[in-house]
Amino acid sequence: MASIDRYNPVTSEIVAELSGIVGEKYVIFGDAEKLQAWSHDEVAEERYAHMPEVAVRPATADEIAAIMQLANREMIAVTPRGAGSGLSGGAVPLAGGIVLLTGRMNKVVEIDLANMMITVEPGVVTNEINDLIRDDGLFYAGYPMSLETCYIGGNVAENAGGGKAVKYGVTGRYVTGLEVVTPTGEIVQLGGKLVKDVTGYNLIGLMVGSEGTLGIFTKITLKLMPLPTANVDLLCLFESAEQAIGAVPKIMTGSGIIPTAIEFMDRSAVRASCEYLNETIPYERAGAMLLITVDGSGAEQVEREYEAIGEMCLEAGAIEVYVADNFTTSERIWKVRRNIGEAYGIVTRYQSSEDLVVPISEIPALVTGMGRIADKYGVQIPCYGHAGDGNMHTRVVMNPDWPVEKWEKTLPVVLKELYELAKSLGGTISGEHGIGHKRKKYLPLVMAEPVIDVMRAIKKAWDPNNILNPGKIFDV
Ligand SMILES: Cc1cc2nc3c(=O)[nH]c(=O)nc-3n(C[C@H](O)[C@H](O)[C@H](O)COP(=O)(O)OP(=O)(O)OC[C@H]3O[C@@H](n4cnc5c(N)ncnc54)[C@H](O)[C@@H]3O)c2cc1C
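This report concerns the structure included in the present document. Just so we're clear, the structure is a prediction, and the values are computed from it rather than from any experiment.

Assigned secondary structure in the chain consists of 16 helices and 18 strands. The C-alpha radius of gyration of the chain comes to 23 Å, within 12% of the 23 Å expected for a compact globule of 476 residues. Dimensions of the chain along its principal axes, counting C-alpha atoms only, are 70 × 60 × 45 Å. When each of the 476 residues of the chain is scored for burial, the buried share is 55%. Expressed as a percentage of contacts within the chain between residues at least 6 apart in sequence, the contacts between residues at least 24 apart total 73%. For the chain, the computed accessible surface area is about 19,900 Å², with 52% contributed by carbon and sulfur atoms. On the chain, the mean spot of the 42 positive side-chain charges and the mean spot of the 61 negative ones are 3 Å from each other.

Following this line, the structure appears as structure tokens:
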């Protein structure tokens, strides 16, 4: 099996063959400026970037199959790419070779109202799915904070979570069918429009979250839900992060209600996003906030539920609970939440975006522990995330007074301690952003070697030449 540096270079003969498959204007070769755009995803640190040798923009599964067959014959690595919004380096072409852009495959194949299913190509922007079906009283429940830019293919590959996972779960819950081009270039159909299907191994479950290493999705069938007719957001202000986060397990286990979302934002995260957006929500008085959504099929039920949750927050020490019951106000608050990552992204490139997940009862201990680690090493660790499902995002941000060498030495130590903290609380190192190559070396911290070996064996069975997205999740 080839190692990461033993692939063959992309020659002009291979470029000509690729042009024959997808059309000359859909092959980008020899243009470093253009290719540079596909050398990284949204991971800020430059050391995770790597240039592709050539980019191709196929339009069909047949074209992708032909590319994969050529790549196997010539021993050239292929890295699939969606919108490039990933946060673990998954779409980075680590071995150079071909980066396979899925943006041209952005058609809606079918809206099947009778079965409440939609079939789309992988390059459809996630947010657009709901625009297509809203008037039919349906909705797709996936809601990553990047939904205005990311593609549904990338969501399936990462098993994306997001703001509504507390009630609706993550992407995989909605994937009933996949057309997949295998790493060796066959086109296979997995599942379809069945709500239940136990025919053989759950290969859709295997593909979902496989981070572009086991196959390229070319058609995706998603289960849709009835559109909730009532929706209210609560913005609950607390004096301290500990108080706010301490309220989360109480709401989850004591209210008898499953909220749609419970998002946590500490003051520095809200401030960064408000300054970035030139927005004013009342963060100065609060050490932290919970953004809680309740939705349902009737205004009365939703009112009963949000009042009960609001009361619980006040009992847990909230200084104020604001109610947002119209789209404009809700969207203002959610925009602040969705833009925290972007806001930090422009502050400094010396930062690391993290994605720890623990059982919900351990969230207070996780947040306290993160504060302790920040103090110990003198770094900033602002904290925000999907608290209702135990998934806390955080950025480890360099102390601005430090030389870069000190940051580079300290960051791995801080990360290891954060990951060990999550593990000690029964959690793990990624809830939704994936391992990619950013967290690869830390995987053995939370996963036993025999289990990683099983994944290696699966990878080998699907991809004997290690052609598809090599160097991700684990080394083969
Ligand atoms: C501001 C911001 C907010 C975010 N919020 C969230 C959030 O709330 N929840 C969350 O889960 N993530 C979030 N993310 C991370 C990211 O948006 C998701 O991981 C998303 O699913 C990536 O989709 P993409 O199209 O950008 O994929 P890319 O980044 O292009 O690729 C991601 C992985 O998918 C593979 N891939 C892409 N397309 C295919 C395909 N057709 N077939 C097979 N493999 C493929 C790639 O090889 C790569 O390994 C956020 C990112 C940003 C920048």
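Moving on from the coordinates now.
Examined against the element boundaries, A83 turns out to sit in the loop between β3 (78-81) and β4 (98-101). It is 19 Å that separates the C-alpha atoms of A83 and D131, two residues lying 48 residues apart in sequence. Among residues more than four places away in sequence, those in contact with A83 are T149, C150 and Y151.

One open sheet accounts for 4 strands, arranged β1-β2-β4-β3; its pairing is mixed. In this open sheet, the two edge strands, each paired with only one partner strand, are β1 (27-29) and β3. Averaged over all pairs of adjacent strands, the angle between their axes in this sheet comes to 20 degrees, without regard to strand direction. Pairing between β1 and strand β2 (residues 54-56): 3 bridges, direction antiparallel. Paired with I28 across the bridge in β2 is A55. Against the sheet, helix α1 (residues 12-22) engages β1, β2 and β4, with an angle of about 160 degrees to β1. Of the strands in this sheet, β2, β3 and β4 touch helix α3 (residues 61-74), which is tilted by about 170 degrees from β4.

What follows concerns the pattern of salt bridges. Pairing of side chains with opposite charge becomes possible as their charged atoms draw close. With the rule as written, the count across this model stands at 23 salt bridges. The shortest N-O distance in the salt bridge between D453 and R456 comes to 2.7 Å. Separated by 3 residues within a single helix, D453 and R456 lie in helix α16 (residues 449-462), roughly one turn from each other. Residue R456 is classed as partly exposed on the basis of its relative accessible area, which comes to 24%. Linked by salt bridges that have partners in common, E17, R73 and E74 make up one network.

Interhelical geometry of α1 versus α3 gives an angle of 160 degrees and a closest axis separation of 9 Å. The angle between α1 and α3 falls in the class roughly antiparallel. As for how α1 packs across α3, the hand of that crossing is right-handed. Here I14, E17, L18, I21 and V22 of α1 come into contact with α3, specifically with E63, A66, I67, L70, R73 and E74. Looking at the contact of α1 with α3 residue by residue, the class counts come to 7 nonpolar, no polar and 4 charged.

Every second residue of β3 is oriented toward a common face, with V78 and P80 on one face and T79 and R81 on the other, all of them buried. Where β3 lies against β4, 4 bridges are found, and the strand directions are parallel. Along β4, the bridge assignment pairs P80 with L100.

All right, on to the pairing of strand β14 (residues 288-296) then. β14 sits mainly inside the fold: 9 of its 9 residues count as buried. Neither face of β14 is left uncovered, since the one carrying A288, L290, I292, V294 and G296 and the one carrying M289, L291, T293 and D295 both have all their residues buried. The pairing of strand β12 (residues 230-238) with β14 spans 9 bridges and is classified as antiparallel. Looking across to β14, one finds that D233 is bridged to T293.

In a regular helix each residue adds 1.5 Å, so 12 residues correspond to 16 Å; helix α11 (residues 327-338) covers 15 Å between its end C-alpha atoms and thus fits that length. Here α11 has its buried residues at S330, I333, W334, V336, R337 and R338. The distance from a side-chain oxygen at the start of α11 to the backbone nitrogen of T328 is 3.2 Å, and the residue carrying that oxygen is N326.

Counted under the stated rule, the structure contains 4 aromatic pairs. With a centroid separation of 5.3 Å and an interplanar angle of 80 degrees, the aromatic rings of F139 and Y168 are classed as edge-to-face. One end of the pair, F139, is in strand β7 (residues 138-139); the other, Y168, is in helix α6 (residues 165-168), and 29 residues separate them in sequence. The burial state of F139 is the same as that of Y168; both residues are buried. Ring centres 6.1 Å apart and planes at 85 degrees place the aromatic pair Y140 and Y174 in the edge-to-face group. Placement of Y140 in the loop between β7 and α5 (152-158) and of Y174 in the loop between α6 and β8 (175-181) is noted, with a sequence separation of 34 residues between them. In this structure, R104 is placed above the aromatic ring of Y26, and the distance from its NZ or CZ to the ring centre is 3.3 Å.

For the rest of this paragraph, the subject is helix α9 (residues 267-277). Listing the buried residues of α9 in full gives A269, V270, A272, S273 and C274. Those residues of α9 that are buried lie in contact with β13 (261-266), β14, α11, α12 (340-347) and β17 (383-386). Directly beyond the C-terminal end of α9, a positive phi value near 55 degrees is found at N278.

Basis of the calculations
Residues numbered from 1 in each chain as written. Predicted model: local features only at pLDDT ≥ 70, side-chain atom pairs only at ≥ 80, totals over all residues. Heavy atoms only, no water. Helix = DSSP H or I, 4+ residues; strand = E, 2+ residues; numbered from the N terminus. Rg over C-alpha atoms; globule rule 2.2 N^0.38 Å. Buried < 20%, exposed > 50% of the residue type's maximum accessible area, 1.4 Å probe, protein only. Contact = heavy atoms within 4.5 Å. Areas by Shrake-Rupley, 256 points an atom, 1.4 Å probe, with all protein chains shown as cover. Lys, Arg positive; Asp, Glu negative; His and termini not counted. Charge placed at Lys NZ, Arg CZ, Asp CG, Glu CD. Pairing = 2+ DSSP bridges. Axes fitted to C-alpha atoms, helices over the stretch in contact; angles between N-to-C directions. Salt bridge = Lys/Arg side-chain N within 4 Å of Asp/Glu carboxyl O. Parallel < 35°, antiparallel > 145°, perpendicular 65-115°, else oblique. Left-handed = near helix turned anticlockwise from the far one by under 90°. Nonpolar A, V, L, I, M, F, W, Y, C, P; charged D, E, K, R; others polar. Expected span 1.5 Å × (residues − 1). Polar contact = N/O pair within 3.5 Å; in protein donor to acceptor, adjacent residues only side chain to side chain. Phe/Tyr/Trp six-rings, centres within 6.5 Å; stacked < 30°, edge-to-face > 60°. Lys NZ or Arg CZ within 6 Å of the ring centre and 35° of its normal.

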